[in-house]
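# Geometric and topological summary
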Amino acid sequence: MNQYDFLLVMVVISLFLFYICIQKNIERKIIIFIGSIIVFGVMVFRPLDFPDTNAYKNIFEKIEISKRYGFSLLGHKEFSTGVEYGYLLLNQFIKKFISDNFRVFFALVILVEILFYNKYIKKLYGSDPKKKFEMFLFTLPYFGYMYLGVVVRTGLAMTVGLNAFLIGKFEKKQFTLKILFLKISLYIVAVAFHRTALLFLLIECIYYFVPVFSKKIYIILWGVSGLFLFMQTKVLTEILFLLFDMLSKVSVTFGSYQHYFNNYLFITNNIRFRQVFFWIIGLLFFFVNDKSMQYYFKKNLNIYIIGIFLMSMLSFISGSSRVYDYFMLSVPVLLTEVNESRIIFHPKKLLLLFDFFYVVLSVFIILRL
């Protein structure tokens, strides 16, 4: 662990300790502000040998200001740079009108992602500062570090997509033309940054069409997904490959994604810590009293459960986290709801201990310990 990693671990753990000790809203805001500034600085000035950093720097420097690269709304990549057109145009805009320094580029993109994610949190918990702080805490160690700071291309797609996902969720009239137009427009922008944002369409279907169940059913589904994960069977993965191959032969769109599967490596006899972590964390969601499980909680639980099934089926594929992480975005929401709900054990301080381990282990995943 180098000094950069150590600093990030200390920031995250310190934020958690402050969370336990500080209860006044104004002090929470101060801690969020200070923590955000520190993490923001660490991300902007991270070493070039840090994963993906040099690659983003090279892409930024390679893009020509005056060249016309064209555009595509369908998530296609520009062949000479290897990135989607929306991300390419953002690079061009910053390079032409603001600065051609890649550190400035990092700062602006990370700031944009933070603003989008902050808007998402406000939409969820705008009237509850305690829940907003908890969402910040549960997002920072893994998703915040990984997608709002390092893998910024996907981070842009995720933060824009999350705002699109919430449109219509809390309105009485969920399918007005205005709502649909805004939702579709934001999803198009998200896909223009990274094509994996198309997964939000599947998440939307899960949210609206998968019914809610009793806690007993969720526990059974969670257990079955664990069996799939630890059995390490390649049968399901082979089925996915066969299905994808069939779709790619009848659809040009599916064919353009085939390299994602062809370039992945299979991992034999090895379950990654990240997968075990996201499966085990599901135990916390079942601490909530069954009668206290609200509708929105169960809808997010549906997304999580299907996400860990996907994680189990894709466990042999290197890089599959870029798929199931979209579903794991439900985890910070679920953890926030667990912390503010009636739970089945006492004292509730025990839950804070589980929260602490979630924060620390989330950082360890990123640091590849």
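Residues numbered from 1 in each chain as written. Predicted model: local features only at pLDDT ≥ 70, side-chain atom pairs only at ≥ 80, totals over all residues. Heavy atoms only, no water.

With that settled, the discussion passes to the packing of helix 9 (residues 199-209) against helix 17 (residues 321-328). Following both chains from N to C, one finds helix 9 and helix 17 inclined at 40°, their axes separated by 10 Å at the closest point. Judged by the inter-axis angle, helix 9 sits oblique to helix 17. Along this stretch, helix 9 crosses helix 17, giving a crossing that reads as right-handed. Of the residues in helix 17, those in contact with Leu199, Phe200, Leu202, Ile203 and Ile206 of helix 9 are Arg322, Val323, Tyr326 and Phe327. In terms of residue class, the contact of helix 9 with helix 17 is built from 8 nonpolar, no polar and 1 charged. (Axes fitted to C-alpha atoms, helices over the stretch in contact; angles between N-to-C directions. Helix = DSSP H or I, 4+ residues; strand = E, 2+ residues; numbered from the N terminus. Parallel < 35°, antiparallel > 145°, perpendicular 65-115°, else oblique. Left-handed = near helix turned anticlockwise from the far one by under 90°. Contact = heavy atoms within 4.5 Å. Nonpolar A, V, L, I, M, F, W, Y, C, P; charged D, E, K, R; others polar.)

Here we take up the pattern of salt bridges. Using the criterion set out here, one finds 8 salt bridges in the structure. The partner of Asp52 in a salt bridge is Arg322, and the shortest N-O contact between them spans 3.8 Å. Note that Asp52 is positioned in the loop between helix 2 (25-44) and helix 3 (53-62) and Arg322 in helix 17, a separation of 270 residues in sequence. Given the relative accessible area of 32%, Asp52 is considered partly exposed. A salt bridge links Lys130 to Glu134, with the shortest nitrogen-to-oxygen separation between them at 3.1 Å. You can see Lys130 and its partner Glu134 sitting in helix 6 (residues 129-150), 4 residues apart, about one turn around the helix. (Salt bridge = Lys/Arg side-chain N within 4 Å of Asp/Glu carboxyl O. Buried < 20%, exposed > 50% of the residue type's maximum accessible area, 1.4 Å probe, protein only.)

Before going further, it helps to examine empty space enclosed by the protein. This structure, assessed with the given rule, holds 2 cavities of 30 Å³ or more. What the largest cavity holds in volume is close to 90 Å³. Elements supplying a minimum of two residues to the lining of the largest cavity: helix 7 (152-166), helix 9, helix 16 (295-313), helix 17 and helix 18 (330-339). Examining the composition of the lining of the largest cavity, we find that 3 residues originate from one element, helix 16, more than from any other. Taken as a whole, the second largest cavity holds about 50 Å³ of empty space. As for the second largest cavity, its lining consists of Tyr117, Thr139, Phe143, Tyr147, Leu148, Met158, Thr159 and Leu329. Within the residue set of the lining of the second largest cavity, elements represented by two or more residues are helix 6 and helix 7. (1 Å grid on protein atoms, 1.4 Å probe; cavity = no way out; pocket = protein on both sides within 12 Å on 5 of 7 lines; lining within 4 Å. Points joined across faces, edges and corners; volume = space filled by probe spheres on them.)

What follows deals with the confidence of the model for the protein chain. Mean pLDDT over the protein chain works out to 82, with 81% of the residues at or above the 70 mark. In this model, residues 263-269 is a region of pLDDT below 50 whose contacts with residues beyond four sequence positions or in other chains number 16 contacts. (pLDDT = per-residue confidence, 0-100.)

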